[in-house]
Amino acid sequence: MIETVAAKAFEKSQIAQLSLKGNLNLKHLDPDAFVGIESLRQLDLSRTSITNMPTRGLEDLEHLILQDTHLLKVFPAAFHFKALQVANLTYPYHCCAFSHPAAHRPEEYATYLENVTLQPGVLEAVCGDLAKPRAPVSCSPEPDAFSPCEDLMGNWLLRLSVWAVSVAALLGNGTVLLVLLSPRRRLSVPRFLMCHLAAADLAMGVYLLMLAVMDAVSVGSYFNYAIDWQNGEVLWILSKRWTTAGDPRLTVPEMSKFYFSLGLPITSESGWAESTPPSGPPQKTCNRNGSWAAGIDGGEGRRLH
């Protein structure tokens, strides 16, 4: 199996379609791996373990396939693919590089604009910036409401609402837990249920606060952070799982469900036990005065002689 592709590995080769699909051991591509290759129109690197995607030598590439390539988290600047028409990628966030090139790689994009020469029919003004006119790239999977390019929260009303709800949930439910778990108060059945409800809401408040913080950090360019945030170590508490008391393995939203589902049956059972009198035959007990008392209601008994 191929593990690496060296520099100029295909130099002076005329290959229209190159497929390295299915090489799971392929992890590294030299930045000059495709330099010197001629007539390359389609490149398939699906189902590999590459972590970088070189662009040198791919100026004439028309079709790029990078499906099921989950370790490739950073996509190169889209303006390096000058002739690209179709891109089949793994993450929808990578498609944002074609629609938001300035937000994707701001410094590289600024350098790119400085180095190009204004020529009639070659450059055009787009929103005040100079860019080479090109046909839009057909990229899949497309970003959507659950995988946005610019903002995690769609608008400022939603953004402010999430902040308000998360802060209120943390302060309110934290206060409830402190009061109910105070050593001065007896933990009755209703208080036990309220503690579990407060813990469930507190966990959801933590979850919303994480979303709000991530949105504040990535306003306008969420797609640059999304893959690391969801699949990496940035906020592993949301994407990975840790063990709480052995099993089950819980994430923050699941913790909320766990506290709620655990509190209801325990509270119901405890309330039923307190409200139901003990059953069974009356028990006889001996009083201090030497008489027998039958049952728990002080039934009459006979005196010992």
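Cut-offs applied
Residues numbered from 1 in each chain as written. Predicted model: local features only at pLDDT ≥ 70, side-chain atom pairs only at ≥ 80, totals over all residues. Heavy atoms only, no water. UniProt positions renumbered as here; feature names shortened; annotations may be inferred. Core = buried A, V, L, I, M, F, W, Y, C linked by side-chain atoms within 4.5 Å. Buried < 20%, exposed > 50% of the residue type's maximum accessible area, 1.4 Å probe, protein only. Helix = DSSP H or I, 4+ residues; strand = E, 2+ residues; numbered from the N terminus. Contact = heavy atoms within 4.5 Å. Patch = residues over 30% accessible without salt bridge, like charges linked within 9 Å, V, L, I, M, F, W, Y side chains within 5 Å. Areas by Shrake-Rupley, 256 points an atom, 1.4 Å probe, with all protein chains shown as cover. Salt bridge = Lys/Arg side-chain N within 4 Å of Asp/Glu carboxyl O.

- In its Subcellular location (unreviewed entry) section, the UniProt entry covering the protein chain states "Cell membrane".

### A short note on the nonpolar core
Considering soluble globular proteins, one finds that nonpolar side chains tend to be buried as a cluster.
Next up, step 1: In this structure, Phe34, Leu43, Leu64, Leu66, Leu89 and Phe98 are the most contacted members of the largest nonpolar core, which totals 30 residues.
Next up, step 2: Broken down by element, the residue count for this core peaks at 3 residues, all from helix α1 (residues 92-99).
Next up, step 3: Setting aside chain neighbours within four positions, we find Leu89 in contact with Leu64, Leu66, Gln67, Phe75, His94, Cys95, Phe98, Cys139, Ser140 and Pro141.
Next up, step 4: Counting residues in each nonpolar core, the second largest holds 15 residues, with Tyr91, Met153, Leu208 and Ala226 among its members.

### What to know about α1
Next up, step 1: Summarising burial for α1: 7 of the 8 residues are buried, a large majority.
Next up, step 2: Inspection of α1 places Pro92, Tyr93, His94, Cys95, Cys96, Ala97 and Phe98 among the buried residues, and these make up the whole buried set.

### Side note on a nonpolar patch on the surface
Next up, step 1: A surface patch of nonpolar side chains, amounting to about 520 Å² of accessible area, comprises Trp163, Val167, Leu171, Val213, Val217 and Tyr225.
Next up, step 2: Looking at the nonpolar patch, the elements with two or more residues in it are α4 (156-180) and α5 (189-217).
Next up, step 3: For the nonpolar patch, the element with the highest residue contribution is α4, accounting for 3 residues.

### With respect to the pattern of salt bridges
Next up, step 1: Following the criterion strictly, the structure yields 5 salt bridges and no others.
Next up, step 2: Its salt-bridge partner being Arg56, residue Asp32 comes within 2.8 Å of it at the nearest N-O pair. Here Asp32 is found in the loop between β3 (28-29) and β4 (42-44), whereas its partner Arg56 is found in the loop between β4 and β5 (63-65), with 24 residues between them in sequence.
Next up, step 3: Arg56 sits in the partly exposed class, given a relative accessible area of 46%.
Next up, step 4: In this structure, Glu62 engages Arg41 in a salt bridge whose closest nitrogen and oxygen atoms are separated by 3.7 Å. Separated by 21 residues along the polypeptide, Glu62 in the loop between β4 and β5 and Arg41 in the loop between β3 and β4 bring together distant segments of the chain.
Next up, step 5: With relative accessibility at 34%, the residue Arg41 sits in the partly exposed group.

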